[in-house]
Amino acid sequence: MSDLVRLSATEGLRLMRAGQLSPVEWLDALLDRVDACEPHVNAVVDRRDDEARAEAAAAADRYARGAALPLDGVPVAAKEEQPMRGRSWQQGSLTLRDTVATED
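The present account deals with the structure reproduced in this document. (Residues numbered from 1 in each chain as written. Predicted model: local features only at pLDDT ≥ 70, side-chain atom pairs only at ≥ 80, totals over all residues. Heavy atoms only, no water.)

### Some words on the overall build of the protein
Here is step 1: When helices and strands are counted, the protein shows 3 helices and 0 strands.
Here is step 2: Across the protein, helices and strands are ordered from the amino to the carboxyl terminus as α-α-α.
Here is step 3: Principal-axis analysis of the C-alpha atoms places the extent of the protein at approximately 45 × 30 × 20 Å.
Here is step 4: Relative to its full complement of 104 residues, the protein shows a buried share of 24%.
Here is step 5: Sequence-distant contacts in the protein: of pairs separated by 6 or more residues, those separated by 24 or more amount to 41%.
Here is step 6: When the accessible surface of the protein is split by element, carbon and sulfur atoms take 51% of a total near 7200 Å².
Here is step 7: One finds the centroid of the 13 positive side-chain charges in the protein at a distance of 3 Å from the centroid of its 19 negative side-chain charges. (Helix = DSSP H or I, 4+ residues; strand = E, 2+ residues; numbered from the N terminus. Buried < 20%, exposed > 50% of the residue type's maximum accessible area, 1.4 Å probe, protein only. Contact = heavy atoms within 4.5 Å. Areas by Shrake-Rupley, 256 points an atom, 1.4 Å probe, with all protein chains shown as cover. Lys, Arg positive; Asp, Glu negative; His and termini not counted. Charge placed at Lys NZ, Arg CZ, Asp CG, Glu CD.)

### Things to note about the environment of Thr 99
Here is step 1: In this structure, Thr 99 sits in the segment after helix 3 (49–64).
Here is step 2: Note on Thr 99: relative accessible area 25%, which makes it partly exposed.
Here is step 3: On a C-alpha basis, the gap between Thr 99 and Leu 4 in space is 34 Å, while along the polypeptide they are 95 residues apart.

### Overview of the environment of Ala 18
Here is step 1: Counting through the fold element by element, Ala 18 comes out in the loop between helix 1 (9–17) and helix 2 (23–41).
Here is step 2: Counting along the chain gives 49 residues from Ala 18 to Ala 67, while the straight-line C-alpha distance between them is 13 Å.

### A look at helix 3
Here is step 1: The end-to-end C-alpha distance of helix 3, which contains 16 residues, comes to 22 Å, matching closely the 22 Å that a straight helix rising 1.5 Å per residue would cover.
Here is step 2: What helix 3 keeps buried is the set Asp 49, Ala 52, Ala 56, Ala 59 and Tyr 63. Looking straight down helix 3, one finds that the buried residues subtend no more than 85° of arc, so they occupy a single side. For helix 3, the exposed residues lying more than 90 degrees away from the buried face are Asp 50, Ala 54 and Ala 64.
Here is step 3: Among the structural elements, helix 1 and helix 2 are those in contact with the buried residues of helix 3.
Here is step 4: Two residues or fewer after helix 3 comes Gly 66, characterised by a positive phi angle close to 70°. (Expected span 1.5 Å × (residues − 1). Arc of directions from axis to C-beta.)

### Quick look at helix 2
Here is step 1: Counted at 1.5 Å a residue, the expected span for helix 2 with its 19 residues is 27 Å, and the 25 Å between its end C-alpha atoms agrees.
Here is step 2: At Asp 35, helix 2 shows its largest kink, close to 30°, and the proline Pro 39 lies no more than four residues downstream.
Here is step 3: Turning to helix 2, its buried residues are Pro 23, Trp 26, Leu 27, Ala 29, Leu 31 and Glu 38.
Here is step 4: Buried-residue contacts for helix 2 involve helix 1 and helix 3.
Here is step 5: Capping the start of helix 2, Ser 22 holds a side-chain oxygen 3.1 Å from the backbone nitrogen of Val 24, two or three residues further along.
Here is step 6: Downstream of helix 2 by one or two residues, Asn 42 has phi in the positive range, about 55°. (Bend = angle between axes of the 7 residues up to and from the residue. Polar contact = N/O pair within 3.5 Å; in protein donor to acceptor, adjacent residues only side chain to side chain.)

### A word on the nonpolar core
Here is step 1: By size, the foremost hydrophobic cluster in this structure holds 9 residues: Leu 4, Val 5, Leu 13, Leu 15, Met 16, Leu 21, Trp 26, Ala 29 and Tyr 63.
Here is step 2: Mapped onto this core, the elements with two or more residues apiece are helix 1 and helix 2.
Here is step 3: When residues in this core are grouped by element, the largest group, 3 residues, is from helix 1.
Here is step 4: For Met 16, the residues in contact, after removing those within four places along its chain, are Leu 21, Ser 22, Pro 23, Trp 26, Tyr 63, Asp 72, Gly 73 and Val 74. (Core = buried A, V, L, I, M, F, W, Y, C linked by side-chain atoms within 4.5 Å.)

Take a look at the structure:
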């Protein structure tokens, strides 16, 4: 397992600000870990890998230009119980499996 999956947000930010870690590299390590665990854990309901990669690439570009935002590039997994417009909002219930959040 990559040590990147165990980084705290603080350490990841320090490494990205120092140019020692790319947001894309960090995200890819985490997605690889999700891929390895998910068949057994069954915890990730709504994946958005392509969007996350595009966001990580944009963050990497901002780091390269010296224009990174305070939490730029920190990968986040959100519980599906929280509504995110346009995303699954099943709330852990099979009876709500087709529900899509209309607001954040």
